[in-house]
Amino acid sequence: ASLLQIERMEPQIGAFLQIDREGALARAEEVEQGIRSGKYQGPFAGVPAAVKDNICTKGMETTCASRILSGFYPPYDACAVEKLKEAGIIILGKTNMDEFAMGSTTETSARKVTKNPWNTGHVPGGSSGGSCAAVAADECFIALGSDTGGSIRQPSSFCGVTGIKPTYGTVSRYGLIAYASSLDQIGPIGKDVADCARMLSLLAGQDRRDSTSLKRETLDFEEDLAGDIRGMKVGIPKEYLDEGIDPEVRDALKKTMEILKERGASVEEFSLGMTEYVIPSYYIIASAEASSNLARFDGVKYGYRSPHADSLHEMYKMTRSEGFGTEVKRRIFLGSFVLSSGYYDAYYLKALKARAVIKEAFDRAFAAYDVLLGPAAPQTAPKIGESLSDPLQMYLGDLYTAAVNLAGLPAISVPCTVSKAGLPIGIQLIGDCLQEKKIIRAAAAFE
Ligand code: GLN
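Only a predicted model underlies this, so the values are computations on that prediction, with no experimental measurement involved. (Residues numbered from 1 in each chain as written. Predicted model: local features only at pLDDT ≥ 70, side-chain atom pairs only at ≥ 80, totals over all residues.)

Caption draft 1: Spotlight on the overall build of the protein. A tally of helices and strands in the protein yields 14 helices and 11 strands. Relative to the 2.2 N^0.38 estimate, which gives 22 Å for 447 residues, the radius of gyration of the protein is 21 Å and therefore close to what a compact globule would have. With the C-alpha coordinates aligned to their principal axes, the bounding extent of the protein is approximately 70 × 65 × 45 Å. In the protein, which comprises 447 residues, the proportion classed as buried is 55%. Within the protein, contacts between residues at least 6 apart in sequence are counted, and of these 75% link residues at least 24 apart. (Helix = DSSP H or I, 4+ residues; strand = E, 2+ residues; numbered from the N terminus. Rg over C-alpha atoms; globule rule 2.2 N^0.38 Å. Buried ≥ 20, exposed ≤ 12 C-beta atoms within 10 Å, placed from the backbone. Contact = placed C-beta atoms within 7 Å.)

In structure tokens form, the structure reads like this:
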């Protein structure tokens, strides 16, 4: 049924970069037998899923939607993909994204444009736009995304689906092609809170191949899914209601506040502070790490190699010039600049200090509140072609999501309402480190 739906929807939506029809059908048969023999048990056995194209899949091309990785067939599965397979999930294919996850609309993809299933004149958001569009278009039931500064939560909001960015270290990054290693996390995108919570239980766990992965108690959210939030304290940062946010998004937040109150939570506005540091420090740190992580793509080991060079040095230069797109190059320039001698202290080190200040502001907030409520994005999905000409404006759209990554916190994006123009609006619930249970409980109450 999923493959039929893909056939029907893909010409309009373009969520996938690659669909493994034969593989999926063969695998479905194998899983069916495995369910009978007891090899596959549990709620995910036989569920069709999609995987973002920056997550390695053995023998299945993995390109980060970049020309430079075209023809890269990883010799191994990412830890998260291993876990999907062990649970009997059927991987249908790889989804489109902003190139190397740098962007907010999926338009920086070197491969294709993905459209928002709610209105194909609009973008699905990004960078996990393909995964969110695939779930929204009923092409699959669950998908993997990655979130460095909002890439699961913002497209989930734009596509009317649910997505979780876990506490940093919860899901192994082994096999996730790095954008900014200190911010990146893999997380689930699904139809509702229950699907995402169960998928997160499946994905979480320490992995010796990722030294930043955490040993956590088994994550069991079943009792939280009842959504009992009586006595829960919810804080909403005043700064999040200020100008710069679309009035319809602000109304959605107010509506959410009312619902949470009705269900027995207390909701209060407070001043979080530090919001002016978020975008500058995020873009300095993310670009700095990216410039280092992307240094390995030089035409020697992976994917594309320029055929036009006649010396080794030329080959490096031309491969990178031809292989990377404009947004990726912009980040490499910015990152190399802020790390260069003479500027390191003024920019990179300062951004690290601002990051500490942001973390402290959240620590203060979580001394008073169980969860924080905010928008996932300042507006609904923009029209296709509207955002690329003004990168700074696009960066500003990450205000509500990027702080969460800088502080390593968990957050969930849940659909709230639909705008007058017919586009979904999601809200975001943010928890303290390791407090996924609380945000899932609040989200379940709200849903
Ligand atoms: N829009 C942000 C960026 O371009 C976030 C992307 C992400 O989370 N991968 O960096």
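There is more to say after this.
Caption draft 2: Quick peek at unusual backbone geometry. Gly126 connects to Ser127 through a cis peptide bond whose omega is 15 degrees. Structurally, Ser127 is set in the loop between β3 (90-95) and α4 (129-136). Not every positive phi belongs to a glycine, and Phe100 is a case in point at roughly 55 degrees. Its place among the elements puts Phe100 in the loop between β3 and α4. By the C-beta count within 10 Å, which is 31 here, Phe100 ends up buried.

Caption draft 3: Here's a closer look at the nonpolar core. Core analysis: the largest hydrophobic core is formed by 133 residues, its most contacted members being Ala49, Ala80, Ala143, Ala442 and Ala443. Looking at which element gives the most residues to this core, the answer is helix α8 (residues 275-293), with eight residues. (Core = buried A, V, L, I, M, F, W, Y, C linked by C-beta atoms within 7 Å.)

Caption draft 4: Here's a closer look at the site of the ligand. Every one of the 13 residues lining the ligand counts as a neighbour, but Ala101, Ser104, Thr148, Gly149 and Ser151 are closest to it. Its residues assigned to classes, the shell around the ligand shows four nonpolar, seven polar and two charged. (Near = placed C-beta within 6 Å. Nonpolar A, V, L, I, M, F, W, Y, C, P; charged D, E, K, R; others polar.)

Caption draft 5: Geometry of the sheet that holds strand β8 (residues 266-270). One open sheet holds the 11 strands; their spatial order is β1-β3-β2-β4-β6-β5-β10-β11-β9-β7-β8, and the pairing between them is mixed. The two strands at the open ends of the sheet, each matched to only one other strand, are β1 (16-19) and β8. Averaged over all neighbouring strand pairs, the angle between strand axes comes to 30 degrees, with direction disregarded. For strand β9 (residues 371-375) and strand β11 (residues 424-431), the ladder comprises five bridges, and the chain directions are antiparallel. In the sheet register, Leu372 faces β11, and the bridge partner there is Ile430. (Pairing = 2+ DSSP bridges. Axes fitted to C-alpha atoms, helices over the stretch in contact; angles between N-to-C directions.)

Caption draft 6: Representation of the UniProt feature "active site" (unreviewed entry) in the protein in the model. Here, the residues flagged by UniProt with the feature "active site" (unreviewed entry) are Lys52, Ser127 and Ser151. On the basis of their most widely separated C-alpha atoms, the annotated residues across 100 residues gather in one place, lying no more than 11.0 Å apart. Tracing the chain through its elements places Lys52 in strand β2 (residues 48-52). What makes Lys52 buried here is the crowd of 32 C-beta atoms within 10 Å. Given 35 C-beta atoms within a 10 Å radius, Ser127 is considered buried. (UniProt positions renumbered as here; feature names shortened; annotations may be inferred.)

Caption draft 7: Region of interest: the environment of Leu429. The residue Leu429 is located in strand β11 in this model. Contacts of Leu429, omitting those with residues within four sequence positions, involve Val371, Leu373, Ala411, Ile412, Ile439, Ala442 and Ala443.

Caption draft 8: Looking closely at the environment of Lys317. Here Lys317 shows up in helix α9 (residues 312-323). Judged by local crowding, Lys317 falls into the partly exposed class, with 15 C-beta atoms found within 10 Å. Through-space distance from the C-alpha of Lys317 to that of Cys132 is 35 Å; in sequence the pair is 185 residues apart.

Caption draft 9: How the structure looks around the pairing of β8. Across five bridges, the pairing between strand β7 (residues 233-237) and β8 is parallel. Bridging from a neighbouring strand, Pro237 pairs with Phe270 of β8. Once the chain exits β7 it traverses helix α7 (residues 247-262) before rejoining the sheet at β8, and the crossover so formed is right-handed. (Right-handed = clockwise from strand over helix to strand, strands pointing away.)

Caption draft 10: Structural context of the pairing of β9. Counted residue by residue, β9 has five buried out of five residues, so it is predominantly covered. As paired elements, β7 and β9 share two bridges and run parallel to each other. Residue Val234 lies in a different strand from β9, and its bridge partner there is Val371.

Caption draft 11: A look at the packing of α8 against helix α13 (residues 399-406). At their nearest, the axes of α8 and α13 sit 9 Å apart, and the two run at 75 degrees to each other. As the angle between them shows, α8 and α13 are arranged roughly perpendicular. Contact residues: α8 offers Thr275, Val278, Ile279, Ser281 and Tyr282, while α13 offers Leu399, Ala402, Ala403 and Leu406. Of the residues contributing to the contact of α8 with α13, the split by class is seven nonpolar, two polar and no charged. (Parallel < 35°, antiparallel > 145°, perpendicular 65-115°, else oblique.)

Caption draft 12: Spatial organisation of the confidence of the model for the protein. Per-residue confidence for the protein gives a mean pLDDT of 97; residues scoring 70 or more make up 100%. Note on the complex model: pTM 0.98, ipTM 0.98. (pLDDT = per-residue confidence, 0-100.)

Caption draft 13: Spotlight on α7. Taking 1.5 Å of rise per residue, the 16 residues of α7 would be expected to cover 22 Å, and the 23 Å separating its terminal C-alpha atoms lies within 8% of that figure. For α7, the full list of buried residues reads Val249, Ala252, Leu253, Thr256 and Leu260. End-on view of α7: buried residues confined to an arc of 100 degrees, all on one side of the axis. Exposed side chains of α7 directed beyond 90 degrees from the buried face belong to Pro247, Lys254, Glu258 and Glu262. Close packing links the buried residues of α7 with β7, β8, β9, β10 (411-418), β11 and α14 (436-446). Looking one or two residues past α7, Gly264 carries a phi angle of roughly 105 degrees, positive in sign. (Expected span 1.5 Å × (residues − 1). Arc of directions from axis to C-beta.)

Caption draft 14: Up close: the packing of α8 against helix α11 (residues 344-368). At a closest axis distance of 9 Å, the pairing of α8 and α11 adopts a crossing angle of 125 degrees. The angle between α8 and α11 places the two elements in the oblique class. Once α8 is placed against α11, the crossing between them reads as left-handed. Residues Tyr277, Val278, Pro280, Ser281, Ile284, Ile285 and Ala288 of α8 form the contact with α11, whose own contacting residues are Tyr347, Tyr348, Ala351, Ala354, Arg355, Val357 and Ile358. When the residues that make up the contact of α8 with α11 are grouped by side-chain class, the tally is 12 nonpolar, one polar and one charged. (Left-handed = near helix turned anticlockwise from the far one by under 90°.)

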